[in-house]
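Descriptive analysis of the structure
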Amino acid sequence: MTTTDHRPARVAKAASVPGTATAPPRKRKRISMAEKKRRRAGWLMITPSVIHVGLWTLIPVIATFYLSFTDYGIFSAPKWIWFDNYVEMFNDPVFMQSIGNTIWYTFWTVPVSMAVAVVVAVLLNQGLKLQKFYRTAFFLPQVTATVAIAMVWLWIFNPQYGLLNAGLEAIGLPGQAWLVDPQWALPSVILVGAWQGIGIKMLIYIAALQNIDESLYEAASLDGASSVRQFFSITVPMLKPATFFVFIISIIGAFQVFDQIYVLTDGGPANATTMMTYEVYRSAFQEFRMGMASAQSVALFAFLLVVTLISRRATKEED
């Protein structure tokens, strides 16, 4: 006996039942000639930027990761050595000290400069007299060459005729060898970094303050809230997006500090102010070990990536 498969008939019968929904065939959206021209124009406009990013950012990044696994000394071809650079790097006491110095520098410069910048921004957002002058004065160090600023601070920190020691002696306190003594060298560099970073942070906070609705402060005043209470209950929470942005760029800037270290201390005394970026410079342009410098650069990138991700996650959890 032969059996007949009735499944196609059943499928056809089910498809013919009234009320059964069938998906209409998807039609491809036709793009007009005007839309095509706009898209071509858009691609044409961004092509120079894409080429620039590819040549000067993407290719160097890929080359850095590749060279970090090689023994490359500029004058010889790269030799693949796998993870030897990383093993040597993390066994190098000077590089490990540079990591500690960089973290310590970041730990102090970022929160101090951010706190001062918030207070200054709030004060300069009150419609004071000479407000534009004060804003310019605070922002001026940001647009001044770091080398020029470092030269001024070299004079301020000079142990013999510097302004800082002269001020201390005027009030009866002993002067210090600020940039020569390992105990004071890093705090001195931290002071310069925190001072120089106030300007750009202040400008960002002023822009954020001007977007806060004034009615919030008016309602708080009617409820009897003091200025300090309004600052912590209204201003600080409303500045969270700006604070996160300032925090990230401040950490990146602190981890990449180089100019003032090079001019003020040259990494000394006794490597007390050696930073990760300075170690990259020393490996690349003093020892001509480009493979080691690339590995150190990758380590610096990893530090920045981890800190950024942790900060982003913490911000999301608070939100």
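Check the entry above for the structure.
Described in the following lines is the structure provided in the data block. Position labels on residues start from 1 in each chain and follow its written sequence. Per-residue local features are limited, in this predicted model, to residues with pLDDT of at least 70; the limit for side-chain atom pairs, both in listing and counting, is 80 or more; totals at the level of whole chains, interfaces and linings are taken over all residues. To get the side-chain values, all heavy atoms of the structure are used, and hydrogens and water are removed first.

Quick look at the overall build of the protein now. We count a stretch as a helix when DSSP gives it H or I for four or more residues in a row; a strand needs E for two or more, and each element gets its number in order from the N terminus. Along its length, the protein carries 15 helices and two strands. Note on exposure labels: buried denotes an accessible area under 20% of the residue type's maximum, exposed denotes more than 50%, and partly exposed covers the range between, all computed with a 1.4 Å probe on protein chains only. Within the protein, the proportion of its 319 residues that are buried is 34%. Of the accessible surface of the protein, which amounts to about 21,000 Å², a share of 67% is contributed by carbon and sulfur atoms. Shrake-Rupley sampling with a 1.4 Å probe provides the accessible areas, and residues are treated as covered by the protein chains on show and by no other component.

This part covers the pattern of salt bridges. Only one rule defines a salt bridge in this text: a Lys or Arg side-chain nitrogen within 4 Å of an Asp or Glu carboxyl oxygen. Enumeration according to the criterion identifies four salt bridges in this entry. A salt bridge links arginine 289 to glutamate 88; the shortest N-O distance between them is 3.0 Å. Taken together, the positions of arginine 289 in the loop between helix H14 (276-286) and helix H15 (290-318) and glutamate 88 in helix H3 (residues 84-90) put the pair 201 residues apart, joining distant regions of the chain. Between glutamate 279 and arginine 282 there is a salt bridge; the shortest N-O distance is 2.9 Å. Taken as a pair, glutamate 279 and arginine 282 lie in helix H14 at a separation of three residues, close to a single helical turn. Taken individually, glutamate 279 and arginine 282 each receive the classification buried, so the pair is uniform in this respect.

Fitted lines through C-alpha atoms serve as axes, helices being fitted only where they are in contact, and the angles separating the N-to-C directions of these axes extend from 0 to 180 degrees. Put simply, helix H6 (residues 146-157) and helix H7 (residues 163-170) touch, their axes get as near as 4 Å, and they point 30 degrees apart. Taken together, H6 and H7 sit at an angle that is classed as roughly parallel. Counted together, Trp155, Ile156 and Phe157 of H6 and Leu163, Leu164 and Asn165 of H7 form the full contact between these two elements. Throughout, the ten residues Ala, Val, Leu, Ile, Met, Phe, Trp, Tyr, Cys and Pro are labelled nonpolar, Asp, Glu, Lys and Arg are labelled charged, and all others, Gly among them, are labelled polar. Split into classes, the residues belonging to the contact of H6 with H7 amount to five nonpolar, one polar and no charged. An angle below 35 degrees is read as roughly parallel, one above 145 as roughly antiparallel, one from 65 to 115 as roughly perpendicular, and any other as oblique. Should any heavy atoms of two residues lie within 4.5 Å, those residues are counted as being in contact.

Checked against the element boundaries, threonine 106 lands in helix H4 (residues 93-123). Of the polar contacts made by the side chain of threonine 106, one reaches the backbone oxygen of threonine 102; its length is 2.8 Å. Whenever two N or O atoms come within 3.5 Å, that pair is a polar contact, provided that in protein one can donate a hydrogen and the other can accept it, and provided that, for residues adjacent in sequence, both atoms are side-chain atoms.

Put simply, a patch holds well-exposed residues, over 30% relative accessible area, that have no salt bridge, with like charges counted together within 9 Å and Val, Leu, Ile, Met, Phe, Trp or Tyr side chains within 5 Å. Where nonpolar side chains cluster on the molecular surface, the patch consists of Val61, Phe65, Phe301, Leu305 and Leu309 and spans about 440 Å² of accessible area. At the level of elements, helix H2 (33-67) and H15 are the ones that each hand at least two residues to the nonpolar patch.

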